[in-house]
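Coordinate inspection notes
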Amino acid sequence: MTPSFVFKMVEAKEVKFIDLRFMDFPGLWQHTTLPISELTLESFDHGFGFDGSSIRGWQAINESDMLLVPVADTAKIDPFMTHTTLSMICDVRDPITKKEYSRDPRSIARKAVAFLKKTKIADTAYFGPELEFFIFDHAFYDQGINFAKYHVGSREGIWGRGDEDPTNLGYKIRLKEGYFPTPPMDTMQNIRSEMVTELINLGIPVEAHHHEVATGGQCEIDMRYQDLVTMADSVMMYKYVCKNVAARHGKVVTFMPKPLFQDNGSGMHIHFSLWKNDKPLFAGNKYAGLSEMGLYAIGGILKHAAALCCLCNPTTNSYKRLVPGYEAPVNLVYSSRNRSAAIRIPMYSEKPQTKRIEFRCPDSSCNPYLAFSAMVMAAIDGIENKIHPGDPLDKNMYHLTEEEYENIGSAPASLEEACNALENDHEFLLKGDVFTADVIHYWIKYKRENEVDALRQRPHPYEFCMYFDI
């Protein structure tokens, strides 16, 4: 896709508006819309000005001017706009130096790919994330001086089984029994198919969709693997499509990791492999069909796993999911089949091109540009320094002796712990100026001040259950 081809699309589709999209620091898409007359060939070089000081985690008020430079490769007709609108993802640049903005997540992802090539280890990093999410019928939440509340509703939620209502037809998904039931138990089949149709129409390859383990509308749509930057772009379009298709049906989608108590949370298991000259580098004759390089990549990710969690599990709610007992990968070990391990080696196929590792800790609340880039940097560190991950753990975690269990590392138990881990272990991210010291410092500062402290300072509703009569 070139700028010239974009203009052919504009003419053929009779486009009325262009929608410019970019990532804020924490991981939400932002956008601004212009009449199509504002788009010229020069726009792909000079960009469009905007106020960077109004974006979370970005510029100071005294240096607020920034540029949005549209990327022609990302041009797509938006399926949700009333007036024909062409959306494009933008790179963010400084208007004076014209350099990429160091806090722009997409810029960090491109630098990670460039650094990977510079090491000569590989020329491509492929990613295949499995995003899980909930589709609710409604949601409300608020916190004030003297109250706190939230409520989510789903017609398939087990909590509504006893409702004496003529619309209650009795098909409810039990806790932890939502994996693969057929309709009418699975009430989300048609909505997911509509989401998949929109993704395919937007050029995003999809492999499958299904109901997930939890009650109350937990779902998963699996995209086919793509290179790092393309997949991060696709993750953002995936979230956009899921939310807007749900809205068409009067429902709401959340990628919050743990919206329900006593049932599985939503993860984002990330399948990852390195390739060079169209050859898979993780395939070999070592454990589970991995190469030595594949094992070293695992070693790097496990060594830096606690720090990675600050970027891959970046919310306080993330650590409500990372607890034992809900298929959550809290154990910092690797295995060919054990789903409670932080890293799993899928064994579905013996073909070398399918050989990959699956990092199971991350969740769908992460900024994909930052999470994927951090994984690549950890893998590079493991490969360059030949960090062997030790022996795999193929035993049932619940049958280990106390001594065996004590020797296993665990994922952080809170966002505060993850922030501390990243603060003490981030040199591997600074190589090649992929993540700058400013980015790491400000990410930790933002998380501590706006999320960790914000939650710590507020009474929790369950504290009233425990302590009100003390």
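A brief look at the structure comes next. (Residues numbered from 1 in each chain as written. Predicted model: local features only at pLDDT ≥ 70, side-chain atom pairs only at ≥ 80, totals over all residues. Heavy atoms only, no water.)

Here's the deal with a nonpolar patch on the surface
A cluster of nonpolar residues, Y462, M466, Y467 and I470, forms a patch on the protein surface that exposes about 510 Å² of accessible area. Turning to its location among the elements, M466 is positioned in helix α14 (residues 461-467). Residue classification places M466 among the partly exposed positions, given a relative accessible area of 41%. (Patch = residues over 30% accessible without salt bridge, like charges linked within 9 Å, V, L, I, M, F, W, Y side chains within 5 Å. Areas by Shrake-Rupley, 256 points an atom, 1.4 Å probe, with all protein chains shown as cover. Salt bridge = Lys/Arg side-chain N within 4 Å of Asp/Glu carboxyl O. Helix = DSSP H or I, 4+ residues; strand = E, 2+ residues; numbered from the N terminus. Buried < 20%, exposed > 50% of the residue type's maximum accessible area, 1.4 Å probe, protein only.)

A look at the packing of helix α3 (residues 105-119) against helix α9 (residues 368-384)
Two elements in contact, α3 and α9, have axes separated by 8 Å at closest approach and are oriented at 20 degrees. Here α3 lies roughly parallel to α9, going by the angle between them. Along this stretch, α3 crosses α9, giving a crossing that reads as left-handed. The segment α3 lies against α9, with P105, R106, I108, A109, A112, F115, L116 and T119 engaging Y369, L370, S373, V376, M377, I380 and E384. In the contact of α3 with α9, the residues fall into 11 nonpolar, 2 polar and 2 charged. (Axes fitted to C-alpha atoms, helices over the stretch in contact; angles between N-to-C directions. Parallel < 35°, antiparallel > 145°, perpendicular 65-115°, else oblique. Left-handed = near helix turned anticlockwise from the far one by under 90°. Contact = heavy atoms within 4.5 Å. Nonpolar A, V, L, I, M, F, W, Y, C, P; charged D, E, K, R; others polar.)

Digging into the packing of aromatic side chains
The geometry of an aromatic ring pair is captured by two quantities: the separation of the ring centres and the angle between the planes. Per the counting criterion, the structure on display carries 18 aromatic pairs. Here Y126 and Y225 contribute two aromatic rings whose centre-to-centre distance is 5.1 Å and whose plane-to-plane angle is 75 degrees, an arrangement assigned as edge-to-face. Taken together, the residues Y126 in strand β7 (residues 124-136) and Y225 in the loop between β11 (218-223) and β12 (226-227) connect sequence positions 99 residues apart. For Y126, a relative accessible area of 22% puts it in the partly exposed group. (Phe/Tyr/Trp six-rings, centres within 6.5 Å; stacked < 30°, edge-to-face > 60°.)

Focus: the pairing of strand β8 (residues 138-143)
Pairing between β8 and strand β9 (residues 148-153): 6 bridges, direction antiparallel. Residue pairing across strands places D142 opposite K149, the latter belonging to β9. If you look at the hairpin formed by β8 and β9, you'll find 4 residues sitting between the two strands. (Pairing = 2+ DSSP bridges.)

A few points about helix α13 (residues 437-456)
In this model, α13 (20 residues) spans 27 Å end to end at C-alpha, consistent with the 28 Å of a helix rising 1.5 Å per residue. R448 marks the point of greatest bend in α13, at about 35 degrees. For α13, the complete set of buried residues consists of V439, I440, W443, I444, Y446, K447, E451 and V452. The inward-facing, buried residues of α13 abut α3, α7 (305-312), α9, α11 (415-424) and α12 (427-430). (Expected span 1.5 Å × (residues − 1). Bend = angle between axes of the 7 residues up to and from the residue.)

A word on the pattern of salt bridges
Tallying each qualifying case throughout the model produces 22 salt bridges. We note a salt bridge from D19 to R21, for which the minimum N-O separation is 2.8 Å. Assessed through its relative accessible area of 1%, D19 is described here as buried. The closest approach of N and O atoms between D91 and R106, which form a salt bridge, is 2.9 Å. Here D91, found in strand β6 (residues 85-93), pairs with R106, found in helix α3; they are 15 residues apart in sequence, far enough to count as distant. Taken individually, D91 and R106 each receive the classification buried, so the pair is uniform in this respect. Connected via shared salt-bridge partners are D91, E100, R106, R110 and D233.

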